[in-house]
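Report on the structure
Each chain is listed here by its residues.
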Amino acid sequence: MRAFLIATAVFFMCFLHSFAQQKVEMTTSISNSNLQAISLGVGISHGTSYNTGFVSFGFLNEFGLGQRTSLILGGNIINTTYEIGPLNTNVAYGIQISILAEGRCYLSNKNSLLNKGWFIGLPLEIFSSNFMNATPLLAPSIGYRLSLLNRMLLETAAGMGLSLRDFKRFDAVPYLRLKACYAL
């Protein structure tokens with residue numbers, strides 16, 4: 001499963017990069033200081049140690065704070081699989097929800113949130129399978145955003161995170177995501 005997700009991420013980044021535009025030509029309903037979008041994403045880990053991969057569907061709102069900085073607020077519904085058992089030999093399925101806040105610094109000189117380019121992010125995401133048990137994840141990352149078609153964005157981010165499992169124990173968690181967004 002991990003090899004499939006990694007191969008898919010690499011394929012999308014290499015293949016779709018050739019079709020990327022320098023800047024998305026958006027209608028006047030989206031400004032340079034605010035981006036609302038729905039997203040579909042895949043990734044390898046998200047705050048729990050025994051995660052094998054996930055697919056998420058969510059909503060995000062990105063606010064421009066300055067020429068190169070922004071704040072993203074959002075939420076996701078996450079479909080995931082877990083390794084369970086004494087030797088992590090069985091796989092289980094689960095649904096989680098998450099809320100997220102991410103500060104970003106774009107490394108290009110452009111002031112539009114819709115340009116392609118590299119960014120550094122600091123996402124804080126809180127996951128929960130039930131409302132009594134939550135897992136926060138803080139994952140400094142570096143990523144790249146592509147502008148596709150008229151309202152489509154594709155971005156990927158990778159880094160190493162720190163998860164506070166059951167609010168008792170810290171775990172180092174690799175962070176790799178590929179996300180497609182449709183701007184509203």
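Note that the structure is a prediction, hence the values are computed from the model and not measured. (Residues numbered from 1 in each chain as written. Predicted model: local features only at pLDDT ≥ 70, side-chain atom pairs only at ≥ 80, totals over all residues. Heavy atoms only, no water.)

Structural notes on the nonpolar core
Residues Phe54, Ile78, Tyr106, Phe119, Phe127, Leu137, Ala139, Ala157, Val173 and Tyr175 constitute the largest nonpolar core, which totals ten residues. Elements with a minimum of two residues in this core: strand 5 (117-130) and strand 9 (169-183). Of all hydrophobic cores here, the second largest spans seven residues; its members include Leu60, Leu153, Cys181 and Ala183. (Core = buried A, V, L, I, M, F, W, Y, C linked by side-chain atoms within 4.5 Å. Buried < 20%, exposed > 50% of the residue type's maximum accessible area, 1.4 Å probe, protein only. Helix = DSSP H or I, 4+ residues; strand = E, 2+ residues; numbered from the N terminus.)

A short note on the pairing of strand 1 (residues 34-43)
Judged by which residues are buried, strand 1 turns out to be one-sided: Leu35, Ala37, Ser39, Gly41 and Gly43 face inward and are buried, whereas Asn34, Gln36, Ile38, Leu40 and Val42, on the alternate face, are not. As judged from the seven bridges shared by strand 1 and strand 9, these two strands associate in the antiparallel manner. Bridge pairing links isoleucine 38 to tyrosine 182 in strand 9. (Pairing = 2+ DSSP bridges.)

A short note on empty space enclosed by the protein
Taken as a whole and judged by the stated rule, the model has four cavities of 30 Å³ or more. In this model, the largest cavity occupies a volume close to 210 Å³. Residue lining of the largest cavity: 21 residues in total, with Glu102, Glu155, Tyr175, Arg177 and Lys179 positioned closest to the centre. Taken together, the elements giving at least two residues each to the lining of the largest cavity come down to strand 1, strand 2 (51-64), strand 3 (69-84), strand 4 (90-106), strand 5, strand 8 (152-165) and strand 9. Each residue belonging to the lining of the largest cavity can be placed in one class, and the counts come to nine nonpolar, seven polar and five charged. (1 Å grid on protein atoms, 1.4 Å probe; cavity = no way out; pocket = protein on both sides within 12 Å on 5 of 7 lines; lining within 4 Å. Points joined across faces, edges and corners; volume = space filled by probe spheres on them. Nonpolar A, V, L, I, M, F, W, Y, C, P; charged D, E, K, R; others polar.)

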